[in-house]
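Report on the structure
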Amino acid sequence: MIKLRVNGVAQRFNGDPQTPLLWYLRDALGLTGTKYGCGVGLCGACTVHQNGNAIRACITPVANLDGADITTIEGLGKDGIHVVQKAWMEHDVPQCGYCQPGQIMSAAALLASNSKPSDDDIDRSMSGNICRCGTYQRIRTAIKAAAEELA
Amino acid sequence: MNRVENVSRRSLLKGFAGMGGLVLGMQITPESLMSATAKSGSHASSRFKPNIWLALQKNGDLTIVTHRSEMGTGCRTSLPMIVADEMEADWKRVAIEQAIGDEKYGSQNTDGSRSVRNFYQTMRVAGASARQMLEAAAAKRWGVSAEECTAKNHFIVHESGKKLGFGELAEIAADLPIPPQEKLTFKEKKDWRYVGTAMPMTDLEDIVTGKAKFGLDVELEGMKYASIERCPVVGGKVISFDPTDALTVTGVDEVVEIPAAKPPFRYQALGGVAVIGSSTWAVLQGREKLRIKWDRGENVIYNSDTYRTQLEATAGKPGVVVREEGDVDKVFASDAKTHEAAYYTPHLAHAAMEPLAATARAKEDTCELWAPTQNPQAARDEAANALGLDKKKVICNVTLLGGGFGRKSKPDYCAEAAILSRKLGNLPVRVVWTREDDMRHGYYHACAALNLKAAVDENGSPTAWRQRTVFPTIGWIFGDTSNRGSAGELGQGFSDLAFSVPNLRVEVGKTKTHVRVGWLRSVANIYHAFAVHSFADELAHLAGRDPLEYMLELIGKERHVDMSKVEYPNYDQPLEIYPIDTGRLAKTLTLAATKIGWGRKLPKGRGLGLAVHRSFLTYVASAVEVEVTKAGKLTIPRIEMAVDCGLYVNRDRVISQMEGAAVFGTGLAMMGEITAREGAIVEGNFMDHLIPRINEAPIQTNVHIIENSAPPAGVGEPGVPPVPPALTNAIFAATGKRVRELPLSKVDLGWS
Ligand code: FES
Ligand code: FES
């Protein structure tokens with residue numbers, strides 16, 4: 001049995017320990033905000049936080065998460081909407097929206113560790129997240145706006 | 001052509017029943033009948049079968065139904081904006097409801113950049129009808145004439161100043177007749193409240209909070225998951241399979257075969273072996289353990305490298321002439337100076353961020369689907385065919401789409417879900433495509449070889465221009481055996497060449513198709529624009545002239561290009577309403593060039609490039625600035641996109657589509673390629689099929705909209721075609737290297 005917390009709620013997992021966190025979140029817990037895009041850690045659509053750090057849920061087996069504290073897009077704004085989500089809305093970032101939960105989780109993790117990211121910092125932290133619709137320019141703008149808001 | 005009906009008092013309104021407000025339905029004449037109807041003046045159908053377009057409740061809440069699919073273009077917001085504006089409704093009171101697939105809505109195939117183009121007028125009629133009914137309702141209530149009553153932001157205001165809310169009038173309006181079309185009045189442009197503004201997308205908050213429901217998020221009571229192993233080669237079939245090991249995986253329930261599709265493939269389920277179980281992970285594990293023997297069929301002969309050689313050889317020989325003006329041969333036979341160039345572009349995959357997924361629940365003699373589909377009516381057809389049902393017995397619910405780009409117009413995945421649900425004794429089932437499935441079982445953008453030749457005068461201006469294109473046609477999947485591009489494909493940036501050249505010939509060569517080829521964002525315009533606008537730039541440089549000045553000369557004097565001798569569909573619109581307007585081309589090009597600071601002196605390794613292209617009735621010019629290091633590393637600091645799409649609805653979504661097109665266009669040019677080996681697609685995931693990332697995409701894209709009262713055109717696709725040639729033209733300016741094949745990842749851009 002694996003015990004972990006997801007968005008502050010204690011969970012016990014009894015299934016195949018090799019199950020990627022992504023499918024556990026989506027199929028068992030019904031947290032479908034975390035997306036599947038590649039399954040091999042190359043697109044970032046499945047990004048969630050483990051103890052505050054961005055991880056790819058599709059390549060993280062639940063076996064590795066005993067005692068872990070997981071936050072998904074659904075739990076990001078603990079008291080309403082998170083500054084990053086707010087910035088995303090103010091800059092109308094999404095097009096189809098599918099990649100955006102992952103983008104937002106990566107951006108939130110970046111800002112939590114770096115309150116004033118440079119363009120290079122943004123490139124480094126966000127280059128694991130693909131957006132096929134091509135919203136990168138607005139993602140960059142929104143991250144900077146969120147950083148200002150946090151300052 | 002669009003009939004509105006008051007259906008407030010009918011009980012048939014699923015989801016709207018018992019609201020006790022005003023409900024308007026409308027029937028749309030099928031597009032195919034539209035021109036015939038307009039000409040004959042008769043009505044296409046005497047039976048009136050309305051669908052719901054808007055419903056106003058007594059509390060003032062307004063529901064607007066949107067019948068086109070949302071895949072990121074914003075049409076789920078822009079179409080309701082038109083209704084709300086014309087109705088004088090308060091956008092804050094509007095809720096959006098997604099329509100199911102139903103032919104009564106007219107075409108719902110959300111492709112061809114035509115949601116606003118084809119439905120602008122329909123939406124206005126719905127809104128204006130509701131507004132006038134509410135004005136009439138207020139007049140009745142007050143005992144005054146309707147002329148004294150005006151709708152204003154969810155109220156009807158009387159001349160005297162008294163007013164009533166829309167909601168308070170809904171019940172009275174529900175008993176009033178629909179105003180006849182000839183009595184409808186439309187708001188003047190100066191009074192538009194929403195059309196032309198920047199409106200946040202309807203689903204914005206749901207998207208950023210993870211609540212938005214895409215196709216992969218559909219969850220039904222008792223639902224099973226399915227993952228399908230399909231034959232690597234189109235047209236192949238299962239000889240035998242052994243499910244034993246797959247069935248040992250915990251959570252796997254069943255392994256079932258889906259019969260192979262037979263040509264023409266259309267949107268049929270490809271067939272294969274499906275693993276069914278109680279979680280995604282279980283069925284993916286089970287699938288790894290399947291043992292299948294395939295008969296790979298006749299398309300195993302397909303290899304991208306040899307096919308390319310054949311295409312190029314064909315492009316080097318005369319083809320079928322599809323447009324001819326003057327006599328190019330005579331000029332080429334003279335001692336005029338000539339220039340010839342050959343171009344090649346590869347297959348591409350849509351690679352929408354959400355891989356394909358569909359959920360179905362079959363019953364005895366019905367089937368219900370939930371799918372991220374651009375084309376819900378085709379999904380119904382395909383599911384009905386697969387199950388042997390009348391299509392009326394199939395319902396297709398449309399979820400949000402995690403990108404589409406044309407792939408999700410082709411509902412093979414919906415048919416799979418329907419077939420599996422039936423095979424499982426009518427259990428609900430969701431078919432999940434992996435990224436690899438999505439990449440390897442696509443409907444690929446055609447690869448293409450092109451050959452262009454021009455003769456030039458002493459100024460370097462062309463006196464004769466011959467262009468030839470060869471590509472596997474989309475028609476093949478529908479049974480077309482001509483082995484050549486259709487008028488529609490050729491009309492995408494090739495037979496519609498807008499350059500002013502005295503002698504012109506456009507040809508197409510023949511080639512067989514061996515994979516499912518399908519339309520991808522801007523379709524044949526991609527390779528045609530790449531070759532044509534690269535060649536124009538080549539000629540400018542050969543002549544030692546400024547490319548902007550040269551391109552403007554090629555576009556020539558302001559005119560409507562004469563297409564009377566060409567089989568040219570013009571994106572299914574009449575040329576009288578949507579001509580090929582060279583004035584708009586020139587203006588768009590000039591604007592983009594001005595914005596990039598055309599003519600600036602730049603050091604070697606930096607350069608500017610231009611291209612302007614009309615597609616989907618919209619004019620877009622790209623001006624690209626590049627930096628190329630000596631080692632050949634490319635960066636794109638800035639792109640200026642100028643767009644003239646006629647009337648537009650949501651300003652911000654026009655801008656976002658152009659920003660996205662800049663990434664899509666540079667991305668496909670830099671790294672997009674799908675290859676086949678022995679009939680199977682080689683690339684499988686984002687390690688071998690690359691999509692630009694934030695550190696590779698253009699750093700800054702600025703969008704400039706030309707205000708124009710021309711009829712609405714479309715913006716989903718036309719931003720893409722000018723981008724690749726503008727990029728490679730900029731690379732030439734920076735390095736002196738002429739790129740004639742894509743992707744750039746295969747070309748050494750280094751210079752010294
Ligand atoms: S789905 Fe996890 S990185 Fe792509
Ligand atoms: S918004 Fe569509 S993939 Fe990013």
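In case you missed it, the structure is sitting above this.
Attention in this report is confined to the structure presented alongside it. (Residues numbered from 1 in each chain as written. Chains lettered and ligands numbered in written order. Predicted model: local features only at pLDDT ≥ 70, side-chain atom pairs only at ≥ 80, totals over all residues. Heavy atoms only, no water.)

**As for the nonpolar core**
Nonpolar side chains tend to gather and get buried jointly when the protein is soluble and globular. A:Trp88, B:Trp465, B:Val626, B:Leu634 and B:Leu727 are the most contacted members of the largest nonpolar core, which totals 194 residues. Here this core takes 11 residues from helix 17 (residues 651-671) of chain B, the largest share from any one element. By size, the runner-up hydrophobic cluster in this structure holds 50 residues, among which are B:Leu79, B:Ile82, B:Tyr120 and B:Ala138. (Core = buried A, V, L, I, M, F, W, Y, C linked by side-chain atoms within 4.5 Å. Buried < 20%, exposed > 50% of the residue type's maximum accessible area, 1.4 Å probe, protein only. Helix = DSSP H or I, 4+ residues; strand = E, 2+ residues; numbered from the N terminus.)

**Focus on the environment of B:Leu348**
All names here are of chain B. For Leu-348, the position within the fold is in the loop between strand 15 (337-345) and strand 16 (357-362). Remark: the alpha-carbon pair of Leu-348 and Ala-593, spanning 245 residues in sequence, is separated by 29 Å. Ignoring any residue separated from it by four or fewer positions in sequence, one finds Leu-348 in contact with Tyr-444, His-445, Leu-520, Leu-668, Gly-672, Glu-673 and Ile-674. (Contact = heavy atoms within 4.5 Å.)

**A closer look at the packing of helix 15 (residues 547-555) of chain B against helix 16 (residues 582-596) of chain B**
Residues and elements named next belong to chain B. Put simply, helix 15 and helix 16 touch, their axes get as near as 10 Å, and they point 170 degrees apart. The angle between the axes of helix 15 and helix 16 places the two elements in the roughly antiparallel class. For the pair helix 15 and helix 16, the contacting residues are Leu-548, Met-551, Leu-552 and Ile-555 in the first and Thr-582, Leu-585, Ala-586, Leu-589, Thr-590 and Ala-593 in the second. Of the residues that constitute the contact of helix 15 with helix 16, the class distribution is 8 nonpolar, 2 polar and no charged. (Axes fitted to C-alpha atoms, helices over the stretch in contact; angles between N-to-C directions. Parallel < 35°, antiparallel > 145°, perpendicular 65-115°, else oblique. Nonpolar A, V, L, I, M, F, W, Y, C, P; charged D, E, K, R; others polar.)

**What about the pattern of salt bridges?**
Residue and element names in this part refer to chain B. Scanning the model with the defined rule gives 55 salt bridges over all chains in all. The partner of Arg-308 in a salt bridge is Glu-741, with the nearest N and O atoms 3.0 Å apart. Of the two residues, Arg-308 is situated in helix 8 (residues 304-315) and Glu-741 in the segment after helix 18 (723-735); the sequence distance between them amounts to 433 residues. In this structure, Glu-673 engages Lys-746 in a salt bridge whose closest nitrogen and oxygen atoms are separated by 3.0 Å. Highlighted residues: Glu-673 in the loop between helix 17 and strand 26 (676-677) and Lys-746 in the segment after helix 18, separated in sequence by 73 residues. (Salt bridge = Lys/Arg side-chain N within 4 Å of Asp/Glu carboxyl O.)

**A word on the pairing of strand 17 (residues 367-371) of chain B**
Residue and element names in this part refer to chain B. Among the 5 residues in strand 17, 5 count as buried, and that is most of the element. Both strand 16 and strand 17 contribute to a ladder of 4 bridges, which runs antiparallel. Residue pairing for strand 17: Ala-360 is matched across the bridge by Leu-369. The turn linking strand 16 back onto strand 17 is made up of 4 residues. Pairing of strand 17 with strand 18 (residues 394-398) involves 5 bridges; the strand directions are parallel. (Pairing = 2+ DSSP bridges.)

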